[in-house]
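# What the coordinates show
Spelled out, the chains give:
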Amino acid sequence: MKRFILAAAALVMAGATAGAQAVDLTGAGSSFAYPIYSKWAAEYAAKTGVHINYQSIGSGGGIRQLSEMTVDFGATDGPMTDEQMSKAKGGAILHIPTVIGAVAISYNLPSVTQPLKLDGPTLAAIYLGKITKWNDSRIRALNPGVALPDKDIVVVHRSDGSGTTFIVTDYLSVVSPEWAKGPGKGTDVQWPTGIGAKGTEGVAGQIRQIEGAVGYVELAYALQNKLAYALLKNAAGKFVPPTLEGASEAAAGTAAKLPASSDFRISIVNAPGAGSYPISSFTWIVLYKNQADAAKGKKLVDFIRWALENGDAAATSLQYATMPKSMKAKVLARLKEVK
């Protein structure tokens, strides 16, 4: 993953240092979206000369900085709440979905050579601390014929505010009434059990080091680090792996039903569809509808429009799924409202 992020960062540096030109736009937020926003920014700078500095500080940080008007745009994997938007200094905020990601449930069980199958209630029980052994009867029932070890489950979760945490807890809240009433969903929740680790690298590091560990990481990170991950039972009753295709299908059904007036703060966890991967989500750029600086606002809208119209190849190369065409048209229309 370090190579994955550094490569994207190098693209930005190369574009920014050519001619030592000043930064035109600043953004901050989602670490999950950092590789694609960095790559888009580098390509856009090379094409137009407009330079964009995007800082990976986490979704919560991006929301805070946009709210305080210290950046031109924020980025988040969990949409802002009505309360957060009401407190923002710059007025009305638009959520612009850009790409779709899948979150993998990874684990460390060397003796298990085939992907484990899990469903939502079982995963929630693990994170609630109610299933504590890998050979628990509920896990065995989902994996007939698999020799599961009599080993403690070590739950690993993020210790910092995280959009990835929001996606996972959104899913757990949908599939488990007990989770919804207890920890609930958010970028930072009170975990009933487990150990915390900072950032995706921290979570993955704990999974690699601790036999019996289970945690959540972005799909690209699981693939880059060759972490085992579970097949999850989706709303159609199928056990599916985290894939770009599964994330796209999760978005497709929802996107088709969206009215043109939607504010795009939509969840696609546990979406219908035989191939839908249940822990999938959009990631959003958030910006003010009424820009304080009209010239900067135009540059920002032009960049986002260019990315949505020309950035799909870069996104898929970095393990992001792209928006359905029907939804992209609605998002591009919404951008026209920015003044």
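As the structure is a prediction and not an experimental result, all values here were calculated from the model.

What follows is about the pattern of salt bridges. Pairing of side chains with opposite charge becomes possible as their charged atoms draw close. With the rule as written, the count across this model stands at 17 salt bridges. Of the charged contacts, one joins Asp-263 and Arg-265 as a salt bridge, the two residues approaching to 2.8 Å between their closest N and O atoms. By relative accessible area, Arg-265 is classed as partly exposed at 24%. A salt bridge links Asp-302 to Arg-305; its shortest N-O distance comes to 3.4 Å. Within this pair, Asp-302 and its partner Arg-305 are both found in helix α12 (residues 294-310), separated by three residues, close to a single helical turn. Asp-302 gets classed as partly exposed once you look at its relative accessible area, which sits at 24%. Arg-305 gets classed as partly exposed once you look at its relative accessible area, which sits at 25%. Among the charged side chains, a salt-bridge network with shared partners connects Asp-82, Asp-263 and Arg-265.

Spatial ordering of the open sheet is given by β5-β10-β11, a layout of three strands whose pairing is mixed. Of all the strands in the sheet, just β5 (117-118) and β11 (239-240) have a single pairing partner and so form its edges. In this sheet, β11 lies alongside strand β10 (residues 231-233) in antiparallel orientation, the contact comprising two bridges. Note that in β11 the partner of Leu-232 across the bridge is Val-240.

For helix α14 (residues 325-335), every residue scored as buried is listed here: Met-327, Lys-328, Lys-330, Val-331, Leu-332, Arg-334 and Leu-335. Against β4 (93-107), α11 (244-256), β12 (280-288), α12 and α13 (312-317) lie the buried residues of α14.

Positive phi is not limited to glycine here, since Phe-264 has a value of about 70 degrees. With respect to the helices and strands, the residue Phe-264 is situated in the loop between α11 and β12. In this structure, Asn-270 takes a positive phi of about 55 degrees despite not being glycine. Mapped onto the elements, Asn-270 comes out in the loop between α11 and β12.

Counting residues in each nonpolar core, the largest one holds 88 residues, and the members touching the most others are Ile-36, Trp-40, Ile-105, Ile-279, Phe-282, Ile-304 and Met-327. Considering each element in turn, this core owes the most residues, eight residues, to β4. Those residues in contact with Met-327, other than ones at most four positions away along the chain, are Pro-97, Ala-255, Leu-258, Phe-264, Ile-266 and Phe-282. By size, the runner-up hydrophobic cluster in this structure holds 11 residues, among which are Val-156, Val-217, Tyr-221 and Ala-222.

Moving on, we get to α11. For α11, with 13 residues, the first-to-last C-alpha span of 18 Å sits near the 18 Å given by 1.5 Å per residue. What α11 keeps buried is the set Leu-244, Gly-246, Ala-247, Ala-250, Ala-251 and Ala-255. Lining the buried residues of α11 we find β4, α10 (219-224), β12, α13, β13 (321-322) and α14.

For the pair helix α5 (residues 120-127) and helix α7 (residues 163-175), interaxial distance at closest approach is 9 Å and the crossing angle is 115 degrees. The two elements α5 and α7 meet at a crossing, and its hand is left-handed. Counting all contacts with α5, which are made through Gly-120, Pro-121, Leu-123, Ala-124 and Tyr-127, the residues of α7 involved are Tyr-171, Leu-172 and Val-175. Residues that form the contact of α5 with α7 fall into these classes: seven nonpolar, one polar and no charged.

Further remarks concern the side chain of Thr-169. Position of Thr-169 among the secondary structure elements: in helix α7. A polar contact is formed between the side chain of Thr-169 and the backbone oxygen of Phe-166, at a distance of 3.2 Å. Here the side chain of Thr-169 touches Gly-186 through a polar contact of 3.1 Å, landing on its backbone nitrogen. The contacts of Thr-169, once residues within four sequence positions are left out, are Trp-179, Gly-184, Lys-185, Gly-186, Val-189 and Trp-191.

This part takes up the environment of Ala-255. Looking at where Ala-255 falls in the secondary structure, it is placed in helix α11. Sequence separation between Ala-255 and Ala-292 is 37 residues, and the spatial gap between their C-alpha atoms is 31 Å.

Once that is clear, we can look at the environment of Ala-222. On the secondary structure map, Ala-222 appears in helix α10. Separated by 22 residues in sequence, Ala-222 and Thr-200 have C-alpha atoms that sit 9.9 Å apart. If sequence neighbours within four positions are ignored, Ala-222 has contacts with Ala-104, Ser-106, Val-217, Leu-227 and Tyr-229.

Think of a pair of aromatic rings as described by two things: how far the centres are apart, and how the planes are tilted against each other in angle. Enumeration according to the criterion identifies 13 aromatic pairs in this entry. Measuring from ring centre to ring centre gives 5.7 Å for Trp-179 and Trp-191, while their planes differ by 55 degrees; the resulting arrangement is tilted. With a gap of 12 residues between them, Trp-179 in helix α8 (residues 177-181) and Trp-191 in the loop between α8 and β7 (195-197) connect regions that are remote in the sequence. Accessibility expressed as a relative area gives 14% for Trp-191, which makes it buried. Among the aromatic residues, those joined into a ring-pair cluster are Tyr-34, Tyr-37, Trp-40, Tyr-54 and Phe-73.

Reading guide: rules and limits
- Residues numbered from 1 in each chain as written.
- Predicted model: local features only at pLDDT ≥ 70, side-chain atom pairs only at ≥ 80, totals over all residues.
- Heavy atoms only, no water.
- Salt bridge = Lys/Arg side-chain N within 4 Å of Asp/Glu carboxyl O.
- Buried < 20%, exposed > 50% of the residue type's maximum accessible area, 1.4 Å probe, protein only.
- Helix = DSSP H or I, 4+ residues; strand = E, 2+ residues; numbered from the N terminus.
- Pairing = 2+ DSSP bridges.
- Contact = heavy atoms within 4.5 Å.
- Core = buried A, V, L, I, M, F, W, Y, C linked by side-chain atoms within 4.5 Å.
- Expected span 1.5 Å × (residues − 1).
- Axes fitted to C-alpha atoms, helices over the stretch in contact; angles between N-to-C directions.
- Left-handed = near helix turned anticlockwise from the far one by under 90°.
- Nonpolar A, V, L, I, M, F, W, Y, C, P; charged D, E, K, R; others polar.
- Polar contact = N/O pair within 3.5 Å; in protein donor to acceptor, adjacent residues only side chain to side chain.
- Phe/Tyr/Trp six-rings, centres within 6.5 Å; stacked < 30°, edge-to-face > 60°.

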